[in-house]
Every structure is written in structure tokens, then in C-alpha cells.
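Breakdown of the fold
The lines below spell out each chain.
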Amino acid sequence: MQRIINFVLRYRNAFLYAFFAFIALVMTFRSHSYHQSKFFNSSRWVTGSIYGAGSDVSSYFNLQEENQRLTEENQRLRKMLFNSQEDSIQPLDSTLAVYEVLNARLIKNSFTSPRNYITIDKGEEDGVHQDMGVITTDGILGIVENVSKNFATVQSVLNTKSNINAKIKGTEYFGSLVWDTKDYTEVQLIDIARLVPLVVGDTIVTGGMSSIFPENVPIGTIKKYDLNASKSFYNIDVELFSDMANIKNVYLIENKDKEEIQELEARTIE
Amino acid sequence: MNNTVIINILRFALLVLTQVLIFNNLNFLGFINPMVYVIFFYWYPIKGNRAIFMLTAFLLGLVIDIFSDNLALHALASVTVAYARPAVMRFCFGVNYDFQNFSFKNTTKVQRITFLAIIVLIHHLIFFSFEILSITHILLILKKVFATGIVTLILCILFSSLFSPKSE
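Residues numbered from 1 in each chain as written. Chains lettered and ligands numbered in written order. Predicted model: local features only at pLDDT ≥ 70, side-chain atom pairs only at ≥ 80, totals over all residues.

1. Re the overall build of chain A
Across its full length, chain A carries five helices and twelve strands. Its C-alpha atoms put chain A at 90 × 50 × 45 Å along the principal axes. Counting across all 270 residues of chain A, residues that qualify as buried make up 32%. Once local pairs closer than 6 in sequence are excluded, the contacts in chain A between residues at least 24 apart make up 59%. (Helix = DSSP H or I, 4+ residues; strand = E, 2+ residues; numbered from the N terminus. Buried ≥ 20, exposed ≤ 12 C-beta atoms within 10 Å, placed from the backbone. Contact = placed C-beta atoms within 7 Å.)

2. A word on the overall build of chain B
Counting secondary structure elements, chain B contains six helices and zero strands. The order of helices and strands in chain B, counted from the N terminus, is α-α-α-α-α-α. Here the C-alpha atoms of chain B give a radius of gyration of 16 Å, agreeing with the 15 Å that 2.2 N^0.38 yields for 168 residues. Expressed along its principal axes, the backbone C-alpha trace of chain B runs to roughly 45 × 30 × 30 Å. (Rg over C-alpha atoms; globule rule 2.2 N^0.38 Å.)

3. Quick look at the UniProt feature "domain: Rod shape-determining protein MreC beta-barrel core" (unreviewed entry) in chain A
Sites flagged by UniProt as "domain: Rod shape-determining protein MreC beta-barrel core" (unreviewed entry) map to residues 107–254 of chain A. Annotation note: span residues 107–254 of chain A, helix share 0%, strand share 49%, distance between end C-alpha atoms 21 Å. (UniProt positions renumbered as here; feature names shortened; annotations may be inferred.)

4. Observations concerning the confidence of the model for chain B
Residue and element names in this part refer to chain B. Mean pLDDT over chain B stands at 86; residues scoring 70 or higher make up 93%. Within chain B, helix H1 (residues 2–21) has the poorest average pLDDT of any element, 88, and helix H6 (residues 138–162) the best, 91. Here the predicted complex scores 0.83 on pTM and 0.85 on ipTM. (pLDDT = per-residue confidence, 0-100.)

5. Side note on the sheet that holds strand S4 (residues 140–147) of chain A
Residues and elements named next belong to chain A. Taken together, six strands build a closed barrel; the order of strands is S1-S2-S5-S4-S3-S12 and the barrel is antiparallel. If you compare each strand with its neighbour and ignore which way they point, the axes differ by 45° on average. Across three bridges, the pairing between strand S3 (residues 133–135) and strand S12 (residues 249–255) is antiparallel. Residue Ile135 lies in a different strand from S12, and its bridge partner there is Tyr251. (Pairing = 2+ DSSP bridges. Axes fitted to C-alpha atoms, helices over the stretch in contact; angles between N-to-C directions.)

6. Remarks on helix H5 (residues 109–132) of chain B
Residue and element names in this part refer to chain B. Compared with the 34 Å implied by 1.5 Å per residue over 24 residues, the 34 Å span of H5 between its first and last C-alpha is a close match. Buried within H5 we find Phe115, Leu116, Ile119, Val120, His123, His124, Ile126, Phe127, Phe128, Ser129 and Glu131. In this structure, the buried residues of H5 make contact with helix H2 (39–43), helix H4 (73–93) and H6. Following H5 by one or two positions, Leu133 adopts a phi angle in the positive range, close to 50°. (Expected span 1.5 Å × (residues − 1).)

7. Quick word on the packing of helix H2 (residues 12–33) of chain A against helix H3 (residues 50–68) of chain B
Closest axis-to-axis distance for the H2(A)/H3(B) pair is 10 Å, and the angle between their directions is 15°. Here H2(A) lies roughly parallel to H3(B), going by the angle between them. As for how H2(A) packs across H3(B), the hand of that crossing is right-handed. Across the interface between the two elements, A:Asn13, A:Leu16, A:Tyr17 and A:Phe20 from H2(A) touch B:Arg50, B:Ala51, B:Met54 and B:Phe58 from H3(B). Its residues assigned to classes, the contact of H2(A) with H3(B) shows six nonpolar, one polar and one charged. (Parallel < 35°, antiparallel > 145°, perpendicular 65-115°, else oblique. Left-handed = near helix turned anticlockwise from the far one by under 90°. Nonpolar A, V, L, I, M, F, W, Y, C, P; charged D, E, K, R; others polar.)

8. Section: the packing of H3(B) against H4(B)
Residue and element names in this part refer to chain B. It is at 7 Å that the axes of H3 and H4 come closest, and there the two elements cross at 160°. It follows that H3 is roughly antiparallel to H4 by the angle criterion. For the crossing formed where H3 meets H4, the hand is right-handed. Between H3 and H4, the contacting residues are Phe53, Met54, Ala57, Phe58, Leu60, Gly61, Leu62, Ile64 and Asp65 on the first element and Leu73, His74, Ala75, Ala77, Ser78, Val79, Val81, Ala82 and Tyr83 on the second. Of the residues contributing to the contact of H3 with H4, the split by class is 14 nonpolar, three polar and one charged.

9. Some remarks on the nonpolar core
Counting residues in each nonpolar core, the largest one holds 47 residues, and the members touching the most others are B:Tyr37, B:Val38, B:Met54, B:Ala57 and B:Val79. Of all the elements in the fold, those that place two or more residues in this core are H2 of chain A together with H1, H2, H3, H4, H5 and H6 of chain B. Looking at this core element by element, the count peaks at eleven residues for H4(B). Among residues more than four places away in sequence, those in contact with B:Ala57 are B:Phe41, B:Ser78, B:Val79, B:Val81 and B:Ala82. Core analysis: the second largest hydrophobic core is formed by 44 residues, A:Leu158, A:Leu177, A:Ile219 and A:Val238 among them. (Core = buried A, V, L, I, M, F, W, Y, C linked by C-beta atoms within 7 Å.)

10. Section: the UniProt feature "transmembrane region" (unreviewed entry) in chain B
The feature "transmembrane region" (unreviewed entry), as annotated in UniProt, sits at residues 28–44, 51–67, 113–139 and 145–163 of chain B in this numbering. End C-alpha to end C-alpha, residues 28–44 of chain B measures 28 Å, and it is 29% helix and 0% strand.

11. A word on unusual backbone geometry
Residues and elements named next belong to chain A. If you check the backbone angles, Asp191 has positive phi at about 70° while not being a glycine. Inspection of the secondary structure assignment puts Asp191 in strand S8 (residues 186–193). C-beta crowding within 10 Å serves as the criterion here: with 17 such atoms nearby, Asp191 is assigned to the partly exposed category. At Asn216, a position not held by glycine, the phi torsion is positive, near 65°. With respect to the helices and strands, the residue Asn216 is situated in the loop between strand S9 (203–206) and strand S10 (218–227).

12. Quick notes on the sheet that holds strand S6 (residues 164–168) of chain A
Remark on secondary structure: sheet strands pair via backbone hydrogen bonds, oriented parallel or antiparallel. Residues and elements named next belong to chain A. Sheet architecture is closed into a barrel: six strands sit in the order S6-S7-S8-S11-S10-S9, paired in antiparallel fashion. Looking at each pair of strands side by side, their axes are set apart by 40° on average, direction ignored. As defined by bridge partners, S8 adjoins strand S11 (residues 233–240) across six bridges and the pair is classed as antiparallel. Bridging from a neighbouring strand, Glu186 pairs with Glu239 of S11.

13. A short note on the interface of chain B and chain A
Taken together, the 26 residues of chain B in the interface contact 27 residues of chain A. When residues of the side of chain B that touches chain A are traced back to their parent elements, those giving at least two are H3, H4 and H5 of chain B. The biggest single contributor to the side of chain B that touches chain A is H3(B), with seven residues. For the side of chain B that touches chain A, the per-class residue count stands at 17 nonpolar, six polar and three charged.

See below:
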């Protein structure tokens, strides 16, 4: 017994190191395979406030550029609105609209790690929930992962855990959008059958299979494609419309029918 | 004694803030985010309880992890550096390190830079290996380790000469 105690005391630093390393390793492997930790993430109050304060300062540096971008988007939307011929009488009752849109500001961006998370300055109190879709003025950005009272974290499309339903614009050929971590301007569209005619430059949009994003939200254009190892599906490199390194204002989309759809699907599987 | 504790707590807080607010958003050449907080392990007092040093290192890493949403990668790398530091110091400064009155003042610049470089190398190697966690991406890991490591090292040398402690 004495010897064991002496042994432990002699190597106490090694044991302590092993203990800390074990905790850190467990957390690391969990983050590789499971969802983001509920408690330790940057949507918490302390981290969120510090990022908020930092972003309050840095947002002044590109106000003009950001204004320009928002004005251009307004212009595009107005043009669409004035030119839409088909019965433009929308139901005034807002409860009938399927999609609810919120706006938010980015307070922390990240695109260099294999699992990127983005923090925004709206939380539960502003009506943000888990699994809301997030888009920028140009295209898709990600899905809300964790929500605190005043902040939320978004799992970016630049995340190895991200998997979003997408299709080729104008067709119903759909596949999954994933990321191979190599380049932050490109994501990969997989599971498109080889008989689908593809052209470099074709637009990729979100598909209608998910209850998170509405159909036809722009994602990017086809940059390069080749067949995968089994020679039956395409691997398509998609160049993103959103400049992931330079985002400030985002929109959150909520599908009001989502719960009903999910409940129905859950019941069907049972 | 009390003074060093306060200095280290301040250093801890300031390094966390500079790391998460400035250096994590640097994205130099698209992917280089230097991890300057590694200099904490260079500045930390040499004579001290190793257990407390490791605990501090773990906490420092964990706080930065929470900010950057990649849980426990920084903590793992930091605690390893803290554990390996005495061995690295013995390697860099030779027998001098074992004397009671050892301080950075009676070491050469080359020795100090080697010490920093080894610390940065260990830290980055562990960080990127576990971040990517795939042997098939070994080239990507090495590219990230060396590119980020060199920038971190240059910044750390600059920081250490800018804020060199006079009394230690």
C-alpha cells in the first residue's frame, strides 16, 4: 500500500496530466460526432456579450459596404415585386404565411476550422428557435444550433456535420450538400445520379425536402464535377454565392408548418 | 508572491481577449489564425506548483475553446504544453535550468527562441491533429501547423520583446 501511494505521489503530475487530457479528449471526440455542447458555446451570456461589444466596434469599419449591399438587395427585391404579374394580392392575414423571417447581426464569424460555428445577436427573446434556417443577402449560410436568451449559434454550411438538401435549379434532381473542409468558398453536392445532365455554371438551390429552408434559396454555382468512387453518382464542387469571410447581416427563416410536418413524419415511422 | 498571481490573472484575461477578439479573426491568407496566447506558457513563472500550472493551462484553453466553439482542442493542446514545459526547458537551457537562481536573463536569445519554437510546435501539432483527426489529411495538418506556427512564433517573439517583464 505504502508503495502504491509513493508511486502515485511520485508521478502525480503525470496522473494529473492524464486526467486533464482525458477530459479534453472526451470533449473533443464528442464534438466530432455529436451536436454542439449545450452549455459550453459562444451563445452564452458572457461570451455573447464580449463578442457583441467587439462587434459593435468593428461593425463601423465596413458600414458603407454593408449599406451598399443591403440597398442592392432591396433594389433586386423591389424589381421582383413590381414585375410580378400573377395575382399579387397577398393574403393580408399574416398568420396564413408559412414562413416567418427575422433579421440578425453576426457577432462572431468563423470559416477556417473544419467545424465552423457562427454567433448572432438574436436569441430566444427575439423568437429564435433551434433548427431555423439562416441565409445572407446572397445565399444560404447555415442552421441555428443552440439558442440562449439573447444570442444564438449557427452551424455553418462550412461544417463537416452540416448536411442540407439541395437540388439543381429548374429540375427536381436533389442531393446532399456537405463540406470537405478544403476551401471556404466551395461546398460539395453529393448523391446526384450520373444520368443527370450537368453543365458547369448551373445554379444550385435548396430543395423542397427539408422543413428548414424554403425551396429555391440560392446556394451557388457548379464549378467542377466528376463521378465518385462507385461511378454511379456525381461529386459536384459548388462555388458559394455568399462570401463566407465577409458577412454582417443575416436573415432567419422559420417554417411555421415544421412542427406539423415533423410530427406527421415521426408518426409515420412508428 | 501575490503580485505574480495578480499579474498572471491579468495576463490570462488579456490574452483570452486578444486571442478571441483579434487573432481569431485575422484569417491571414484565408486560413492562418495565429494562437498568440501560447506565450502565456513562456511568461508563466518557472518556479511554481506544476499542478496549478496545468490547471491554469487547462482553464485558459477551455475558455478560448468556449469562445471559438471548438470544444477542448485548445485545452488539450495547452495542458500538454504545460506538462511538457520542464522537459523542454531542460532541453533548451541545459543544466542551467536545474539551478535555483535560474532566470531568462542569463540565457541567450537563441535559447529563448528555440524554447518558444518548440512550445509553439507542440501546441500546434496537437491542436491541428485533433482538429482534423484524419491520417489521410496529414499534408493539410502539416501545412496548417507550419504556416500558423511560423506566424504565431513571429508574433510571440514580438510580444515577448515588447512586454518583457523587467523584475522577473
